[in-house]
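Observations on the model geometry
The primary structure of each chain is shown beneath.
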Amino acid sequence: MNEKHALIVDDEPDIRELLEITLGRMNINTVSAADISSARHQLAEHDFDLCLTDMQLPDGNGIELVTHIAKELPQLPVAVITAFGNMDTAITALKAGAFDFVQKPVDLDQLRALVETAIRVGDYSSGNRQTETRLTGQSGVMERLRQQIAKLSRSQAPIYISGESGSGKELAARSIHEQGPRADGPFVPVNCGAIPTELMESEFFGHVKGSFTGAVTDKQGLFQVAAGGTLFLDEVADLPLSMQVKLLRAIQEKAVRAVGSAAEETTDVRILSATHKDLARAVEEGLFRQDLYFRLNVIALPMPSLRERVEDIPELTSEILQRLAQEYGGETPVITESAMRAMQSYIFPGNVRELENVLERAFTLCEDGCITPADLQLGAATQQPVPSGPTTSGDEPVDPGIEGAAAPAHPVSPTAMALPPGESLEAFLDKIERQLITDALEATRWNKTAAAKRLGITFRALRYRLKKLELE
């Protein structure tokens, strides 16, 4: 292993000595500086793997050094040491380009975790690591998004990912995790809106045996499960105010207390959050704490909608159809030029997730391995047709990679059927579909080929539905 070197910048001899001893025991060579001027001189003379700097220095503010390093040495992670409880300063430093922060009095466990993570940054720089998650698309907005993610993955600053439903917020969060120094640690996604309010504290922070009725064993919380990795708070706007207070403290203090425990436990997680709601408006309406909003929204990463990158639809379509063919068996269907144009003219309010659902439905409905506009069953929501090159006459099957534009498909007429009280639309439709398929199978003595013909669908479509409804 190559020797590692760290620059320590602090005007207090006792603090410098503590940091030198701690890093020395981690086999990291250290060089010290008492002010910004000396620090700049050391940075010009030597190569470092990490810089630790105090915020209050004799000849200036630590933010100045952070800004200098971010501009001149962007590959060097710099962490700041802040006064206890001074979160505004810490957030300012993170926005200026700091890798992370640690508060005084310095918690040595937190310091060691920070240093270990910072040292690994160089091993996960852009181009050195093959990530599993790929954000599909060659449009300009996607190229810029990938560049942003590569840059943000090096930091430990909390990131707020905003965007419409289905635009790929969790995919972006996974990409940040996979390209960063925590890639070997766990990625723990949690839908904040799916956890019952009364169980939230236990789910996030864990509980000890006997702390409440039903707590028959100790249980780790999400912060403990994500130790050394990333905790992704999806739909964070759905957190109740009572939980927002506790979450804010856990993030600021980098420590949690399990339900029923008298002791706090330090945590080492990176926080990423997302929601499709307008979080700033939720703050204005008093539904979300402003201090938590500023703590989560240190760096904002907006996700583009699918209608902002229409040119990516052919590539996305090709990738999705290939995946469906592998999952359900059979050949990858081709898609007609008019079907591709219909998709590029459709507004896709559900973004990529809706595109996946549309293609999955078309995959099961299409005949002879060819997807037509009728198979897509698109609604009436359309946008302006995208410019395209010369097109061929007729409606010949084309590869999903061909771009184009055309009039939208006709909307599907709604049914005049009432939804039973308390039942979701999806559950209601599944119940109807299950009954119709079961009746057809029983009428044909479970001859699937005959049942598919009776239902007016392909055998492949029936097989897909049997798997989906768990009827096999």
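Quick look at the structure, then.

Contact pair helix H1 (residues 13-24) / helix H5 (residues 108-120): the axes reach a minimum separation of 11 Å and the direction vectors enclose 60°. The orientation of H1 relative to H5 falls into the category oblique. For H1 against H5, the interelement crossing comes out right-handed. Contacts between H1 and H5 involve Leu-18, Leu-19, Thr-22 and Leu-23 from the former and Leu-108, Leu-111, Arg-112 and Val-115 from the latter. Tallied by class, residues from the contact of H1 with H5 come to 6 nonpolar, 1 polar and 1 charged.

The subject of this paragraph is the packing of aromatic side chains. In the structure shown here, the tally under the stated rule is 6 aromatic pairs. When the ring of Phe-205 is compared with that of Phe-223, the centres are 5.7 Å apart and the planes differ by 40°; the resulting orientation is tilted. Here Phe-223 lies in helix H9 (residues 222-225) and Phe-205 lies in helix H8 (residues 200-205), a separation of 18 residues in the sequence. Both residues of the pair, Phe-205 and Phe-223, belong to the buried class. Note on Tyr-293 and Phe-294: the rings are 5.6 Å apart at their centroids and 50° apart in plane angle, and the pair reads as tilted.

As enumerated under the stated definition, the model contains 17 salt bridges in all. Here Lys-254 ties to Asp-100 by a salt bridge, and the two come within 3.1 Å at their closest N and O atoms. Pair noted here: Lys-254 is in the loop between helix H10 (241-253) and strand E11 (255-256) and Asp-100 is in strand E7 (residues 100-103), with a separation of 154 residues, a long-range link. For the pair shown, Lys-254 and Asp-100 are each scored as buried. For Asp-291, the salt bridge is made with Arg-289, and the minimal N-O distance between the two is 2.7 Å. Overall, the relative accessible area of 32% leaves Asp-291 in the partly exposed class.

Mapped onto the elements, Tyr-328 comes out in helix H13 (residues 313-328). Along the chain, Tyr-328 and Thr-364 lie 36 residues apart, while their C-alpha atoms are 9.6 Å from each other. The residues contacting Tyr-328, other than those within four sequence positions of it, are Glu-360, Phe-363, Arg-463, Tyr-464 and Lys-467.

In an α-helix there are 3.6 residues to a turn, and that puts residues three or four apart on one side. Here helix H17 (residues 425-443) is 19 residues long and its end C-alpha atoms lie 27 Å apart, about the 27 Å a rise of 1.5 Å per residue gives. For H17, the complete set of buried residues consists of Phe-428, Glu-433, Ile-437, Thr-438, Ala-440 and Leu-441. Buried residues belonging to H17 abut helix H18 (448-455) and helix H19 (459-468). Among the residues trailing H17, Arg-445 stands out with phi positive, at a value near 55°.

The subject of this paragraph is the packing of helix H6 (residues 140-152) against helix H7 (residues 169-179). Interaxial distance between H6 and H7 falls to 8 Å at its minimum, and their mutual angle equals 45°. In this view, H6 runs oblique relative to H7, as classed from their interaxial angle. Considering only the axes of H6 and H7, their crossing is right-handed. Contacts between H6 and H7 involve Ile-149, Ala-150 and Leu-152 on the former and, on the latter, Ala-172, Ser-175, Ile-176 and Gln-179. Looking at the contact of H6 with H7 residue by residue, the class counts come to 5 nonpolar, 2 polar and no charged.

Omega for the bond connecting Lys-104 with Pro-105 falls within 30 degrees of zero, at -10°, which places this linkage in the cis form. Inspection of the secondary structure assignment puts Pro-105 in the loop between E7 and H5. With a phi angle near 50°, Glu-235 is a residue other than glycine that sits in the positive phi range. The phi dihedral of Gln-377 is positive, around 50°, even though this residue is not glycine. Overall, the relative accessible area of 36% leaves Gln-377 in the partly exposed class.

Looking now at the environment of Thr-364. Mapped onto the fold, Thr-364 is located in helix H15 (residues 351-365). In this structure the C-alpha to C-alpha distance between Thr-364 and Thr-458, which are 94 residues apart in sequence, comes to 7.4 Å. With sequence-adjacent residues up to four places away left out, Thr-364 is seen in contact with Thr-458, Ala-461, Tyr-464 and Arg-465.

A rise of 1.5 Å per residue sets the reference length of H6, with its 13 residues, at 18 Å; its end C-alpha atoms lie 18 Å apart and thus fit the reference within 8%. Those residues of H6 that are buried lie in contact with strand E8 (159-162), H7, strand E13 (270-275) and strand E14 (299-302).

What counts and how
- Residues numbered from 1 in each chain as written.
- Predicted model: local features only at pLDDT ≥ 70, side-chain atom pairs only at ≥ 80, totals over all residues.
- Heavy atoms only, no water.
- Axes fitted to C-alpha atoms, helices over the stretch in contact; angles between N-to-C directions.
- Helix = DSSP H or I, 4+ residues; strand = E, 2+ residues; numbered from the N terminus.
- Parallel < 35°, antiparallel > 145°, perpendicular 65-115°, else oblique.
- Left-handed = near helix turned anticlockwise from the far one by under 90°.
- Contact = heavy atoms within 4.5 Å.
- Nonpolar A, V, L, I, M, F, W, Y, C, P; charged D, E, K, R; others polar.
- Phe/Tyr/Trp six-rings, centres within 6.5 Å; stacked < 30°, edge-to-face > 60°.
- Buried < 20%, exposed > 50% of the residue type's maximum accessible area, 1.4 Å probe, protein only.
- Salt bridge = Lys/Arg side-chain N within 4 Å of Asp/Glu carboxyl O.
- Expected span 1.5 Å × (residues − 1).

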